[in-house]
Amino acid sequence: MLRTDCFVVGAGPAGLTAARLLALKGRTVVVADSGTARTTRLELLAPASHVTVAALGLEHLLGDSAIARACLGIRRTRRSGEHDYEDFLRHPCRVGYVVDRARFDERLRDEAVAAGVTFCGLRAIGVTLDRSVICRASDTARTKLVLAEIVVDATGRAAAIARRRGARVAARDRMVAELVEDAAIDATADSASWLDYRSDGPTWSYRIHGPQGRVQNWCIRASGTPAGHALLRVDASACILSQAAGEGWIAVGDAAMAFDPIASQGLFNALSSALVAAGALLSSDRLSPTAARLYSDAVTATFVRCEAGRFSVYNTTPLFRT
């Protein structure tokens, strides 16, 4: 049996950030990394995320031209042909960033290792009544029990720990993102870029310009509608859990609530939820029922605000109301 103060299940940006913060405060932290394929997409960090990035001490990553490229805003083209702009210069922080997730995640992992986080090749496959996590080693068929004071669920939309602890998906749309172009063709790679959004009725697309001239074009459609040719398909559903924390566990990132992964909420949600979750965990040795409820309430409130914003900008139907 493996014993640790904190067991983080999942090695994406939410899990890596939570693990690093907890380790920096003296907690013994083990991260279960199943070794699945790394995320290779480009994602937008809007200006509103800068306060969170600064609080995490990660501004230097956005200053690395191999990881991030400045973004001036979002240009939208409606089905009617109408155009509008979300100009980031009007925001106090004045600029956003397009982030290469593969390089960003790699640097987050380095930061976690430097903070003292231990990584192991395990995949969570169950939980026990005494709150142990049943894991399977990535390189063998052997199972191992992990006993921790706190388990951080960073397993993405699967919410593998939270759902085994009784949480359920409270609201969900069913959308798919299809990568239809991924190439290094941008001749203006050193300049700031825009994220271009185009609506075509039930589907819409993003064209996003990232570091070192990389360009990606994504088409978002409802699951079940006719699929086109795609280099990659990922779940783009917005969803939220009925509760984001409970006795001995807390969910971060997409495990707690998830958004369209290409637009600005996804990576911001990973970083901000990890920051708030770490604060809740560090406020006491164990996550109290009150702290768990407050964290869940904060997740719900954030999701409702984001859904209201999506409705106001894109005229979609809000998934969740209080």
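Presented here is an overview of the structure given in this document.

Parameters at a glance
Residues numbered from 1 in each chain as written. Predicted model: local features only at pLDDT ≥ 70, side-chain atom pairs only at ≥ 80, totals over all residues. Heavy atoms only, no water. Disulfide = S-S within 2.5 Å. Buried < 20%, exposed > 50% of the residue type's maximum accessible area, 1.4 Å probe, protein only. Core = buried A, V, L, I, M, F, W, Y, C linked by side-chain atoms within 4.5 Å. Helix = DSSP H or I, 4+ residues; strand = E, 2+ residues; numbered from the N terminus. Contact = heavy atoms within 4.5 Å. Pairing = 2+ DSSP bridges. Axes fitted to C-alpha atoms, helices over the stretch in contact; angles between N-to-C directions. Parallel < 35°, antiparallel > 145°, perpendicular 65-115°, else oblique. Left-handed = near helix turned anticlockwise from the far one by under 90°. Nonpolar A, V, L, I, M, F, W, Y, C, P; charged D, E, K, R; others polar. Phe/Tyr/Trp six-rings, centres within 6.5 Å; stacked < 30°, edge-to-face > 60°.

1. Concerning the state of the cysteines
Right, on to step 1. Applying the stated criterion across every chain yields a total of zero disulfides.
Right, on to step 2. This cysteine, C71, is not joined by any disulfide, and C93 carries the nearest cysteine sulfur, 14 Å off.
Right, on to step 3. Residue classification places C71 among the buried residues on the basis of a relative accessible area of 0%.
Right, on to step 4. Residue C306 stays outside any disulfide, its sulfur separated by 13 Å from that of C239, the closest cysteine.
Right, on to step 5. Note on C306: relative accessible area 22%, which makes it partly exposed.

2. Comments concerning the nonpolar core
Nonpolar side chains in soluble globular proteins tend to end up buried together.
Right, on to step 1. By size, the foremost hydrophobic cluster in this structure holds 77 residues, and its most contacted members are F7, V99, V152 and L287.
Right, on to step 2. Among the elements that make up this core, the one with the highest residue count is helix α6 (residues 265-282) (eight residues).
Right, on to step 3. Aside from chain neighbours lying at most four places away, what touches F7 is V30, A32, V133, C135, V146, A148, I150, V151 and V152.
Right, on to step 4. Grouped together as the second largest cluster of nonpolar side chains are 19 residues, L44, M175, A177 and W218 included.

3. So, the sheet that holds strand β11 (residues 169-172)
Right, on to step 1. Strand order in the open sheet made by the three strands is β11-β17-β20, with antiparallel pairing throughout. Lying at the two open borders of the sheet, with one neighbouring strand each, are β11 and β20 (257-258).
Right, on to step 2. The pairing of strand β17 (residues 239-241) with β20 spans two bridges and is antiparallel. Its bridge partner being in β20, C239 is matched across the sheet by A258.

4. Concerning the packing of helix α1 (residues 13-24) against helix α4 (residues 101-114)
Right, on to step 1. Interaxial distance between α1 and α4 falls to 9 Å at its minimum, and their mutual angle equals 20°. Viewed along their axes, α1 and α4 adopt a mutual orientation that is roughly parallel. Judged by the sense of rotation from one axis to the other, the crossing of α1 with α4 is left-handed. Residues P13, L16, T17 and R20 of α1 pack against R101, D105, L108, R109, E111 and A112 of α4.
Right, on to step 2. Per-class residue counts for the contact of α1 with α4 are four nonpolar, one polar and five charged.

5. Notes on the packing of aromatic side chains
Each aromatic ring pair is characterised by the separation of its centres together with the angle its planes make.
Right, on to step 1. Enumeration according to the criterion identifies three aromatic pairs in this entry.
Right, on to step 2. Taking 5.9 Å as the distance between ring centres and 75° as the angle between the ring planes, the aromatic pair formed by Y85 and W194 counts as edge-to-face. Within this pair, whereas Y85 is found in strand β5 (residues 83-87), its partner W194 is found in strand β13 (residues 193-200), the two being separated by 109 residues in sequence.
Right, on to step 3. What makes Y85 exposed here is its relative accessible area of 53%.
Right, on to step 4. Note on W194: relative accessible area 18%, which makes it buried.

6. As for the pairing of β5
Right, on to step 1. By the bridge criterion, five bridges tie strand β4 (residues 68-77) to β5 in an arrangement that is antiparallel. Within β5, the residue paired with R75 across the bridge is Y85.

7. Structural notes on unusual backbone geometry
Right, on to step 1. In this structure, R94 is a non-glycine residue whose phi angle is positive, near 70°.
Right, on to step 2. Relative to the elements of secondary structure, R94 occurs in the loop between β5 and β6 (96-100).

Geometry only, nothing functional implied.
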